[in-house]
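Single-letter residue listing:
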Amino acid sequence: MGKLFVFMGKSASGKDTLYREILKRNPAVMPVIPYTTRPVRAGEIQGKEYHFVTEAMMRQMESMGKIVERRCYETVRGDWYYFTAEDGQIDFEKGNYALISTLEGYEKIRDFYGGENVVPIYIEVEDFTRLRRSLERERKQKNPCASEVCRRFLADEEDFSEEKLKAAGVDKRIVNESLSEAICQIEGILKRGR
């Protein structure tokens, strides 16, 4: 029976980089592609990082009972939804899976699939490093928006507070100061299945 490994962390903590590296080095771990209504960022490909859908498409999936978890971010550019859908991507009989989500998303995914099947992988990095990375990434966008970087940074402080991490039972952390060390720690979690 496989497991679902949920990568999470504050914006620019390196979770996307670690997630991609883990998938590249561990081909038996299958990616789960989440959905979003936000615009495609420079370099993103439909169906690779996300399934980019309209809000109407999301509402249709919701009416069909296919949404496992959903969250809305009130951005300076409007409301953006991110969600995980029960769309046939996950079959624990076929092996292990990984996806990127938030703490709130992790809790809903855990509750939906069962705590014995879902393993949290919380990535953290020093705040000034995260802020620098966020600004550098935003500068590369077609229409950079520093206020959106600030909004995400402040929202993360609340969304990933120590109290919320503790309440969700997330007690292990991968400190992403060294990519190779972080990968080694994550691969240990994959091997143990917890």
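Colleague: Mind showing me how you'd approach the layout of surface pockets here?
Modeller: Rolling a probe over the atoms, with the probe sized like a water molecule, indicates the empty space that remains. There is about 930 Å³ of room inside the largest pocket. Taken together, 39 residues form the lining of the largest pocket, with Ser-11, Lys-15, Asp-16, Arg-41 and Arg-137 sitting closest to its centre. Secondary-structure elements contributing two or more residues to the lining of the largest pocket are helix H1 (15-25), strand S5 (67-75), strand S6 (78-85), helix H4 (127-139) and helix H5 (146-159). Here the residues of the lining of the largest pocket are counted per class, giving 10 nonpolar, 11 polar and 18 charged. Here the second largest pocket defines a volume of roughly 270 Å³. With four residues, H1 is the largest single contributor of residues to the lining of the second largest pocket. Classifying every residue of the lining of the second largest pocket by side-chain character gives eight nonpolar, no polar and four charged.

Colleague: Which parts of the structure should I look at to understand the sheet that holds strand S8 (residues 118-124)?
Modeller: Strand pairing within a sheet occurs via backbone hydrogen bonds; the two strands may be parallel or antiparallel. Across the sheet, five strands lie side by side as S2-S7-S1-S8-S9; this open sheet has parallel pairing. Each edge of the open sheet is held by one strand with a lone partner, namely strand S2 (29-31) and strand S9 (173-175). Strand-to-strand, the axes of this sheet are offset by a mean angle of 30°, without reference to chain direction.

Colleague: Explanation requested: the pattern of salt bridges in the structure shown.
Modeller: A side chain with one charge may pair with a side chain of the opposite charge, provided their charged atoms come close. Counted under the stated rule, the structure contains 20 salt bridges. A salt bridge links Glu-44 to Arg-38; its shortest N-O distance comes to 2.7 Å. A single burial state applies to Glu-44 and to Arg-38, both of which are buried. The partner of Glu-55 in a salt bridge is Arg-59, and the shortest N-O contact between them spans 2.9 Å. With Glu-55 and Arg-59 both in helix H2 (residues 55-63) and four residues apart, the pair spans about one turn of that helix. Its relative accessible area of 33% is what places Arg-59 among the partly exposed residues. A single salt-bridge network, built from bridges that share partners, covers Lys-10, Asp-127, Arg-130, Asp-156 and Glu-157.

Thresholds, definitions, all that
Residues numbered from 1 in each chain as written. Predicted model: local features only at pLDDT ≥ 70, side-chain atom pairs only at ≥ 80, totals over all residues. Heavy atoms only, no water. 1 Å grid on protein atoms, 1.4 Å probe; cavity = no way out; pocket = protein on both sides within 12 Å on 5 of 7 lines; lining within 4 Å. Points joined across faces, edges and corners; volume = space filled by probe spheres on them. Helix = DSSP H or I, 4+ residues; strand = E, 2+ residues; numbered from the N terminus. Nonpolar A, V, L, I, M, F, W, Y, C, P; charged D, E, K, R; others polar. Pairing = 2+ DSSP bridges. Axes fitted to C-alpha atoms, helices over the stretch in contact; angles between N-to-C directions. Salt bridge = Lys/Arg side-chain N within 4 Å of Asp/Glu carboxyl O. Buried < 20%, exposed > 50% of the residue type's maximum accessible area, 1.4 Å probe, protein only.

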